[in-house]
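# What the coordinates show
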Amino acid sequence: FNDLFPLRDKFYTYAAFIKAVDDLGRVKIKVTKRMRSVYQLIRTDKTTGKSAVVRQDVDWNENWAKQKPDSTYTIDYGAFCAEGTPLINKKELAAFFANAAHETRHGENGKYNDGLMYTHELNTSLPYIAENDEYPPVAGKKYYGRGPLQLSYNGNYGYASDCIFGDEKVLLNNPDLLETDPVAAFKAAIYFWMTPQTYKPSAHDVMIGKWQPSAADKASGRVPGFGMTINIINGAIECNKGENMSS
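This section reports on the structure supplied with the text. (Residues numbered from 1 in each chain as written. Predicted model: local features only at pLDDT ≥ 70, side-chain atom pairs only at ≥ 80, totals over all residues. Heavy atoms only, no water.)

### Considering the pattern of salt bridges
For the record, the criterion: For this analysis, a salt bridge means a side-chain nitrogen from Lys or Arg found within 4 Å of a carboxyl oxygen belonging to Asp or Glu. The secondary structure listing takes helices from DSSP runs of H or I that are at least 4 residues long and strands from runs of E that are at least 2 residues long, numbered from the N terminus. Only protein chains enter the accessibility calculation, which uses a 1.4 Å probe; a residue whose area is less than 20% of its type maximum is buried, one above 50% is exposed, and one in between is partly exposed.
In this structure the tally under the stated criterion is 10 salt bridges. With its nearest N and O atoms 3.7 Å apart, the salt bridge here joins Asp 23 to Lys 187. Here the residue Asp 23 occupies a position in helix α1 (residues 14-24), and Lys 187 occupies one in helix α5 (residues 182-194), the gap between them amounting to 164 residues. Lys 187 sits in the buried class, given a relative accessible area of 14%. Three or more residues are tied together by salt bridges with common partners; here these are Lys 19, Asp 23, Arg 26 and Lys 187.

### Here we look at the side chain of Arg 146
Where we set the bar: For the purposes of these results, a polar contact is taken to be a pair of N or O atoms within 3.5 Å, where, inside protein, one atom must be able to donate a hydrogen and its partner to accept one; residues adjacent in sequence count only when each atom of the pair is a side-chain atom.
Relative to the helices and strands, Arg 146 is located in the loop between α2 (86-104) and α3 (154-165). Engagement of the side chain of Arg 146 in a polar contact is seen with the side chain of Tyr 144, the distance being 3.2 Å. Of note is the side chain of Arg 146, whose polar atom sits 2.8 Å from the side chain of Asp 176.

### A word on the pairing of strand β1 (residues 27-34)
If a strand is regular, its side chains alternate between the two faces of the sheet. In plain terms, the rule: A pair of strands counts as paired when DSSP detects no fewer than two bridges linking them.
Of all 8 residues in β1, 6 are buried; the element is thus mostly enclosed. Taken together, the 8 bridges between β1 and strand β2 (residues 38-45) define a ladder with antiparallel strand orientation. Counterpart to Arg 34 in the pairing with β2 is Val 38. In textbook terms, the turn of a hairpin is the stretch between consecutive antiparallel strands, and for β1 and β2 this stretch comprises 3 residues, one of which, Met 35, has a positive phi near 50°.

Printed below as a string of structure tokens:
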């Protein structure tokens, strides 16, 4: 950790990273989707065995939402860099740190020693607010990129808060927690790494070989490996733009 990030901000400590891995590793989330966009999240504390519904969308019990079979998957945050062989786990951790370094760096190109230097993105004037029925923004709060993977937008803050804390309000009400609490910041990064999005697999599933591209993915150049993790995190901005694309 010290060798990878010699210029890191003192906010980012190895102890905080390990505590985030250990704490979030005790959590798993059962995700059930109806009609692609209607969600129920059941959060389980693996230490106590206690489970609770932390999200159930308002349309959950509507007849139209029940017209097709539910799709269900479980996110076990304890599988972070721990689900594959020792070599695969090391590659996953390297990919995670590489993306974190890229998202938080400032320094001289080619040095590869300048990650984990920013706790939030430079431009804090933009609110990063999007319409979201389940995770509406709180008045006066901004949801710009924070933490090792620069978590952005109220929808991601709310979803992360449900998974990490079992309460959407923790991060929706206090997004600054991700730049004042290093353990929470690392937890948010692990959450984003491990959690599939509506149209994207998780970076974790990509790195352990669980995700396999469809014909459409292959036609668009999306294949298993490190490059796909970049696509998941920031593809629209960074992918297929040429090597001189500023990001």
